[in-house]
Amino acid sequence: MKILYFTSTGNSLYVSKKIGGEYYSIPKLLKENSLDFEDEKIGIVFPIYNGGVPKIVEEFLNKVNIKSKYIFGVATYGAFSGSASAHLLEIGSRNGFKFSYIKEILMVDNYLPGFDMNKQIQGQAKKKIEENLMIIIKDIEAGNKYIKKGSNIMEFIRKQLEKHYNTNFEKNFSVGNNCNGCKVCEKVCPVDNIKVEHKPVFKNNCQHCLACIQNCPQKAIIIKKEKSEARFINENIKLKEIIDSNN
Ligand SMILES: Cc1cc2nc3c(=O)[nH]c(=O)nc-3n(C[C@H](O)[C@H](O)[C@H](O)COP(=O)(O)O)c2cc1C
């Protein structure tokens, strides 16, 4: 089994590791132009952005060649799954591959302008992450088929959010004087959009993933309207694994 994943704060990497098999980072595969995959089971694991599939994952799926009898998707999210399953299904069929199974799993919401990370971390027990993940793991092991039915209203909302996609997202970031130039932000950025001279300088290809902000050891990068100074990395994942995934 092979899993192709994208992560900025570790939730999707944790899920990928728990499902098992070999796992490969989508940003790295894109950088290496490594686009041919064949196995009995192949999975795509990613966070939901704006009720759908993140742009970097869609870009990858538009390019990749997948040969498998059982293709599955697992989307991690924090509050509102929107139209992610239907979006993934549509991207697959547009690119000639058919998903047998797509499931969404509720985890910590890492969207800083929407949520206080401390409250999210404290509230995660209610989300029954391990229990729900176990169901997904057993489904995949058994080769079960399931795809949540999409709805017109959810797809409408997703498309509206997509229309208002902010291409100047990095303009919302500022860097405090406590930045010590450690370059972690540069290393966790999945698209090499950051260059640290003394402080990070942002180019204009931001994917909105917030990895630079969440993983900064100094908490030196701030985003407008963030709900608190707290930051989040999945408790089972080390910073080095996020760097290795995205660098
Ligand atoms: C730009 C952005 C958009 C997001 N949009 C949604 C959303 O529409 N619905 C939702 O429930 N969570 C949303 N989230 C939260 C993530 O999907 C969630 O925290 C995910 O598990 C993070 O996975 P990761 O740790 O692997 O990056 C968003 C996060 C970011 C950074």
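This text follows the structure it describes.
Residues numbered from 1 in each chain as written. Predicted model: local features only at pLDDT ≥ 70, side-chain atom pairs only at ≥ 80, totals over all residues. Heavy atoms only, no water.

> It is not clear to me how the sheet that holds strand E6 (residues 70–77) should be interpreted in this structure. Could you clarify?
Two strands in a sheet stick together by hydrogen bonds in their backbones, pointing the same way (parallel) or opposite ways (antiparallel). With respect to topology, six strands assemble into an open sheet ordered E2-E1-E4-E6-E7-E8, the strand pairing being parallel. Each end of this open sheet is capped by a strand with a single partner; those strands are strand E2 (22–25) and strand E8 (146–147). Bridging between strand E7 (residues 101–106) and E8 involves two bridges; their strand directions are parallel. Residue pairing across strands places Ile102 opposite Ile147, the latter belonging to E8. (Pairing = 2+ DSSP bridges. Helix = DSSP H or I, 4+ residues; strand = E, 2+ residues; numbered from the N terminus.)

> Quick question: what am I supposed to make of the site of the ligand here?
Within the structure, the ligand sits among 23 residues, and Thr7, Thr9, Ile48, Ala79 and Phe80 are positioned closest to it. Thr76 is positioned with one of its side-chain polar atoms (N or O) 2.8 Å from an oxygen atom of the ligand. Take Asp109: an N or O atom from its side chain is 3.3 Å from a nitrogen atom of the ligand. Notes on the ligand: free accessible area 650 Å², of which the protein chains cover 96%. Elements with a minimum of two residues in the shell around the ligand: helix H1 (11–19) and E6. Residues that form the shell around the ligand fall into these classes: ten nonpolar, twelve polar and one charged. (Near = heavy atom within 4 Å. Polar contact = N/O pair within 3.5 Å; in protein donor to acceptor, adjacent residues only side chain to side chain. Areas by Shrake-Rupley, 256 points an atom, 1.4 Å probe, with all protein chains shown as cover. Nonpolar A, V, L, I, M, F, W, Y, C, P; charged D, E, K, R; others polar.)

> I would appreciate a short explanation of the state of the cysteines in the present structure.
The final tally for this structure, using the stated rule, is zero disulfides. Cys185 carries a free sulfur, and the closest cysteine sulfur to it, the one in Cys182, is 6.4 Å from it. On the accessibility criterion, Cys185 (7% relative accessible area) is buried. Cys209 supplies the cysteine sulfur nearest to Cys189, a cysteine that is in no disulfide, at a spacing of 6.3 Å. Among the residues examined, Cys189 registers a relative accessible area of 8% and is labelled buried. (Disulfide = S-S within 2.5 Å. Buried < 20%, exposed > 50% of the residue type's maximum accessible area, 1.4 Å probe, protein only.)

> I tried to follow the packing of H1 against helix H6 (residues 129–142) on my own but got confused; where do I start?
Helices that pack against each other are described as a pair by the angle of their axes relative to one another and the distance between those axes. Closest axis-to-axis distance for the H1/H6 pair is 10 Å, and the angle between their directions is 45°. Taken as axis vectors, H1 and H6 run oblique relative to one another. For the pair H1 and H6, the crossing hand works out as right-handed. Contacts from Tyr14, Val15, Lys18 and Ile19 of H1 reach H6 at Glu130, Leu133, Ile137 and Ile140. For the contact of H1 with H6, the residue count by class is six nonpolar, no polar and two charged. (Axes fitted to C-alpha atoms, helices over the stretch in contact; angles between N-to-C directions. Parallel < 35°, antiparallel > 145°, perpendicular 65-115°, else oblique. Left-handed = near helix turned anticlockwise from the far one by under 90°. Contact = heavy atoms within 4.5 Å.)

> Help me out: how do you make sense of the pattern of salt bridges in this one?
Side-chain pairs of opposite charge can arise where the charged atoms are in close proximity. Scanning the model with the defined rule gives 16 salt bridges in all. Lys18 serves as the salt-bridge partner of Glu130, at 3.6 Å between the closest nitrogen and oxygen. A residue pair is termed long-range when its members are at least 10 positions apart, and Glu130 in helix H6 and Lys18 in helix H1 qualify at 112 residues. Given a relative accessible area of 40%, Glu130 falls into the partly exposed group. A salt bridge links Lys55 to Glu162, with the nearest nitrogen and oxygen atoms 3.7 Å apart. A residue pair is termed long-range when its members are at least 10 positions apart, and Lys55 in helix H3 (residues 55–63) and Glu162 in helix H7 (residues 152–163) qualify at 107 residues. (Salt bridge = Lys/Arg side-chain N within 4 Å of Asp/Glu carboxyl O.)

By themselves these figures say nothing about function.
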